[in-house]
Protein chains: 2
Amino acid sequence: MSIFEDNKLQNTDVSELGEFGLIDHITKSYKCKNKGSLKGVGDDAAVLDFSGDKLQLLSTDMLVENIHFDLSYTPLKHLGYKAVAVNVSDICAMNGKATQITVSIAFSNRFPIEAIEELYSGIYLACEKYNVDLVGGDTTSSTSGLIISISVVGEVEKEKVCYRKGANIHDLVVCTGDLGAAYLGLQILKREKEIFLENPGVQPDLQGNDYALERQLKAEACTKLIDVLDELKIVPTSMIDVSDGLTSEVLHLSKQSEVGITIYEDKLPIDHTTMNLAKEMKLNPVFCALNGGEDYELLFTISQEHYEKIKKDIDFTVIGYVTDKSEGNNFVTKDNTSHPITAQGWDPIKK
Amino acid sequence: MSIFEDNKLQNTDVSELGEFGLIDHITKSYKCKNKGSLKGVGDDAAVLDFSGDKLQLLSTDMLVENIHFDLSYTPLKHLGYKAVAVNVSDICAMNGKATQITVSIAFSNRFPIEAIEELYSGIYLACEKYNVDLVGGDTTSSTSGLIISISVVGEVEKEKVCYRKGANIHDLVVCTGDLGAAYLGLQILKREKEIFLENPGVQPDLQGNDYALERQLKAEACTKLIDVLDELKIVPTSMIDVSDGLTSEVLHLSKQSEVGITIYEDKLPIDHTTMNLAKEMKLNPVFCALNGGEDYELLFTISQEHYEKIKKDIDFTVIGYVTDKSEGNNFVTKDNTSHPITAQGWDPIKK
């Protein structure tokens, strides 16, 4: 409804493009003009040059109730912590360190002051953990749920900034930590919510699944591993954080670096508790690792010369290598057959 | 509803504190730790020192459908433009220039791609106008309306940064442009919406009210006046932008500067079309100027030595002066009686 008659727009559904397609569509013909804007849209963070010793990084994430989180199984303190962590993770993905954040929240009147305090207690805890200052924000009312929008500023030495582009043929593809657990944690929470809705008297059965639940509810950014890479004198040739799922991130790196990437099923880092839990829930653990998302690990490429330095560190797993673009992106299963990697990552627009 | 039994929060309504009270409550015991965070929460923008030639400014604003805007009378292109302008205005209020923005939007599936394109066409137009680069953002779905969260980075020379604190006794209080028109523009749009809802066939009667409608629908940030102040070699002792209404901003400046402020009814800059329109709508034009909000003019204090430089410029109006804190904040009406200024500014939390 509009009081203006000329407001007759065409009607093309956004799902035709998907989230990344929409961003491409909106920004494809846009060019930054200020000389300080070294890198705009299209990486984990923008790269800004304010003529200081270092470069500054800027990123932002918006979390919407019932799209990105469900308050029936997400404690507000955990939500606040995670909202900061996922932003810090974007700065890590540029090989940088987060320094400041702003936090804007919109919430309906069903949220009392105590709920907002809980949310901020998690935000402050994450600020403390990641050595980030909360320097601004906005609070407003919403007509329905809770919306959290965080922007993060970070810094990186000029010669150490990592983009999604930059991977070279023969580079090794490395993943930190392990994959798939956060997705399984979410499946457990969803399962227990269903049971609770049917039988509100029944207490949730979360026992024995601490690791998966922690990965979902208390996501951490890989700030320590950025320090480890620095100590090892390794600057990745390209990097991204695993927020939408490994396959989705592989496609981003290969597209922007104009290369192909081959990864191996038998190299994927999957925790043994994730393996067991996936089987118990009748899910394929490899599918969870490839497409689950929300692991907030780092995926990066390095020159082969660094292999000896990295191979002893259990935090890093070499999961594949970079090929010529003509070879495409491939996933080699245990039976040694190769499957093209297609876009199946978690898409919040379609969710 | 929560599947966790321990989620028993007390239940204090946020309206007991209001927006500014809530921000104070949440941030009062928080201290920034990084040496680069010169000023955190509590001004129009955070002030950051990245060891460059200048200081950086960071601010953020969130706009929520049916709280901050009504799409039945706000064209999406205008909305996009205004969302950028109000952020740029926050940087102006620090005596700085905006350089980069990030834009996050959440929208429900009732918005087709063409609607998002319209919104971004306004965003890009404002980026062009204010010489700001769009360097990042986030797009996601929402369960109900449209939410726009913009963060802006700016810069200011170290010796020119203006805070809300800093006003000195005997300083002059100066306002740019004119006040009250944006509020009246909103009242016209609301009136025409009511008429439209009752008689959908009737075309809106917006004729003759171009100025008020433009002030509401196409808000502009005072970037040019920042240049004028620079040319006049004037650095305000304190400054804020008029987003919530003049009285609200007077209270912010006086509180943070620990002074009193006296302003005069007969000095208030009110356009003659605003005067006429207010009378036509049976509204008090002075009330509109004092409490209307969304004018996005600048309110600042200057040393008396600058009076000669500023008095000839029609963009600036001296509306009062700074007193000792003990005298409080006062509004002197035309009959020369003095009234204490109390918080009556536009409060989006209560709206």
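These figures come from a predicted structure and were not determined experimentally.

Trainee: Let's hear about the overall build of chain A: which residues, and what values?
Mentor: Within chain A one finds 10 helices and 13 strands. Here the C-alpha radius of gyration of chain A, 21 Å, is about what a compact globule of 351 residues would show, namely 20 Å. Projected onto its principal axes, the C-alpha positions of chain A cover 55 × 55 × 45 Å. Looking at chain A as a whole, 54% of its 351 residues are labelled buried. Excluding contacts between residues fewer than 6 apart, the proportion of contacts in chain A whose partners are at least 24 apart in sequence is 83%.

Trainee: Can you lay out the relation of the copies chain B and chain A for me, pointing to particular residues and giving the numbers?
Mentor: Once chain B is rotated about the relating axis by 180 degrees and shifted along it by 0.0 Å, it coincides with chain A to within an RMSD of 0.0 Å. Here the two chains are linked by the operation of a two-fold rotation axis. Measuring from the rotation axis to each C-alpha of chain B, the shortest distance belongs to G52 of chain B, at 1.9 Å. A shared binding surface is used by both copies, with 100% of the interface residues of chain B retained as interface residues in chain A.

Trainee: Tell me about the interface of chain B and chain A, residues and numbers included.
Mentor: In this complex, chain B contributes 81 residues to the contact, which on the side of chain A involves 81 residues. Per-element tally for the side of chain B that touches chain A: the top contributor is strand β5 (residues 133-141) of chain B, with nine residues. The class makeup of the residues in the side of chain B that touches chain A is 37 nonpolar, 33 polar and 11 charged.

Trainee: How would you summarise helix α3 (residues 113-130) of chain B if you had to cite specific residues and measurements?
Mentor: Residues separated by three or four positions in an α-helix point in the same direction, a consequence of the helix having 3.6 residues per turn. Residues and elements named next belong to chain B. Spanning 18 residues, α3 covers 26 Å between terminal C-alpha atoms, matching the ideal 26 Å at 1.5 Å per step. Residues of α3 that are buried: I113, A115, I116, E118, L119, Y120, G122, I123, A126, C127 and Y130. Just beyond α3, the residue with positive phi is N131, at close to 55 degrees.

Trainee: Could you give an account of the domain arrangement of chain A, naming the residues involved and the relevant values?
Mentor: All names here are of chain A. Taken domain by domain, chain A holds domain 1 (31-160) and domain 2 (172-340). Each of domain 1 and domain 2 has a C-alpha centre, and these two points are 22 Å apart. Listed by partner, the interface residues are 18 residues for domain 1 and 19 residues for domain 2. Ranked by residues supplied to the side of domain 1 that touches domain 2, first place goes to helix α2 (residues 76-92) with nine residues. Residues belonging to the side of domain 1 that touches domain 2 are distributed by class as follows: eight nonpolar, five polar and five charged.

Trainee: I'd like a description of the sheet that holds strand β7 (residues 172-176) of chain A, backed by residues and values.
Mentor: Residue and element names in this part refer to chain A. Spatially, seven strands are ordered β8-β10-β7-β11-β9-β12-β13 in an open sheet, and the strand pairing comes out mixed. With one partner strand each, in any of the chains shown, β8 (238-242) and β13 (338-340) form the two edges of the open sheet. For this sheet the average axis-to-axis angle between neighbouring strands, irrespective of direction, equals 25 degrees. Bridge analysis of strand β12 (residues 330-332) against β13 gives three bridges, and the strand direction is antiparallel. Across the sheet, N330 pairs through a bridge with P340, a residue of β13. Lying on the sheet, helix α7 (residues 246-257) is in contact with β8, β9 (260-264) and β10 (297-302); it crosses β8 at an angle near 155 degrees.

Trainee: Tell me about the environment of L125 of chain B, residues and numbers included.
Mentor: Positionally, L125 of chain B belongs in helix α3. Placed 122 residues apart in sequence, L125 of chain B and T247 of chain B show a C-alpha to C-alpha distance of 31 Å.

Trainee: Go over helix α5 (residues 210-217) of chain B, please, and point to the residues and values.
Mentor: For α5 of chain B, the full list of buried residues reads A212, L213, R215, Q216 and L217 of chain B. Those residues of α5 of chain B hidden inside the fold are in contact with α2 (76-92), α4 (181-198) and α8 (272-280) of chain B.

Trainee: Give a detailed account of unusual backbone geometry, specifying residues and quantitative values.
Mentor: In this model, K282 of chain A sits at a positive phi of 60 degrees, which is unusual for a non-glycine residue. Looking at the element boundaries, K282 of chain A is found in the loop between α8 (272-280) and α9 (285-291). By the C-beta count within 10 Å, which is 6 here, K282 of chain A ends up exposed. Unlike most non-glycine residues, N131 of chain B shows phi in positive territory, near 55 degrees. As for its position among the elements, N131 of chain B is in the loop between α3 and β5.

Trainee: Go over the sheet that holds strand β6 (residues 147-157) of chain A, please, and point to the residues and values.
Mentor: Residue and element names in this part refer to chain A. If you walk across this open sheet you meet the six strands as β1-β2-β3-β6-β4-β5, and the pairing is mixed. Looking along the sheet, the strands with just one partner apiece sit at the ends: β1 (37-39) and β5 (133-141). Sheet twist, expressed as the mean angle between neighbouring strand axes with direction ignored, is 20 degrees. With three bridges connecting them, strand β2 (residues 46-48) and strand β3 (residues 54-64) associate as antiparallel partners. From the neighbouring strand, V47 faces β3, where its bridge partner is L57.

Trainee: Explain the nonpolar core to me, and be specific about the residues and the numbers.
Mentor: Side chains of a nonpolar character, in soluble globular proteins, are inclined to be buried together. Counting 208 residues, the largest nonpolar core has L57, V84 and V88 of chain A together with L57, V84 and V88 of chain B as the members making the most contacts within it. Setting aside its immediate chain neighbours within four residues, L57 of chain A contacts A45, A46, V47, I91, M94, G96, V153, G154, E155 and V156 of chain A.

Trainee: How would you summarise the packing of helix α4 (residues 181-198) of chain A against helix α5 (residues 210-217) of chain A if you had to cite specific residues and measurements?
Mentor: Residues and elements named next belong to chain A. Packing of α4 against α5 leaves a shortest axis separation of 7 Å and a crossing angle of 100 degrees. As the angle between them shows, α4 and α5 are arranged roughly perpendicular. Contacts between α4 and α5 pair A181, A182, L184, G185, L186, I188 and L189 from the former with Y211, A212, L213, R215, Q216 and L217 from the latter. Tallied by class, the residues present in the contact of α4 with α5 amount to 10 nonpolar, two polar and one charged.

Rules used in this analysis
Residues numbered from 1 in each chain as written. Chains lettered and ligands numbered in written order. Predicted model: local features only at pLDDT ≥ 70, side-chain atom pairs only at ≥ 80, totals over all residues. Helix = DSSP H or I, 4+ residues; strand = E, 2+ residues; numbered from the N terminus. Rg over C-alpha atoms; globule rule 2.2 N^0.38 Å. Buried ≥ 20, exposed ≤ 12 C-beta atoms within 10 Å, placed from the backbone. Contact = placed C-beta atoms within 7 Å. Least-squares fit on C-alpha atoms with pLDDT ≥ 70 in both. Nonpolar A, V, L, I, M, F, W, Y, C, P; charged D, E, K, R; others polar. Expected span 1.5 Å × (residues − 1). Domains from an automatic or database assignment. Pairing = 2+ DSSP bridges. Axes fitted to C-alpha atoms, helices over the stretch in contact; angles between N-to-C directions. Core = buried A, V, L, I, M, F, W, Y, C linked by C-beta atoms within 7 Å. Parallel < 35°, antiparallel > 145°, perpendicular 65-115°, else oblique.

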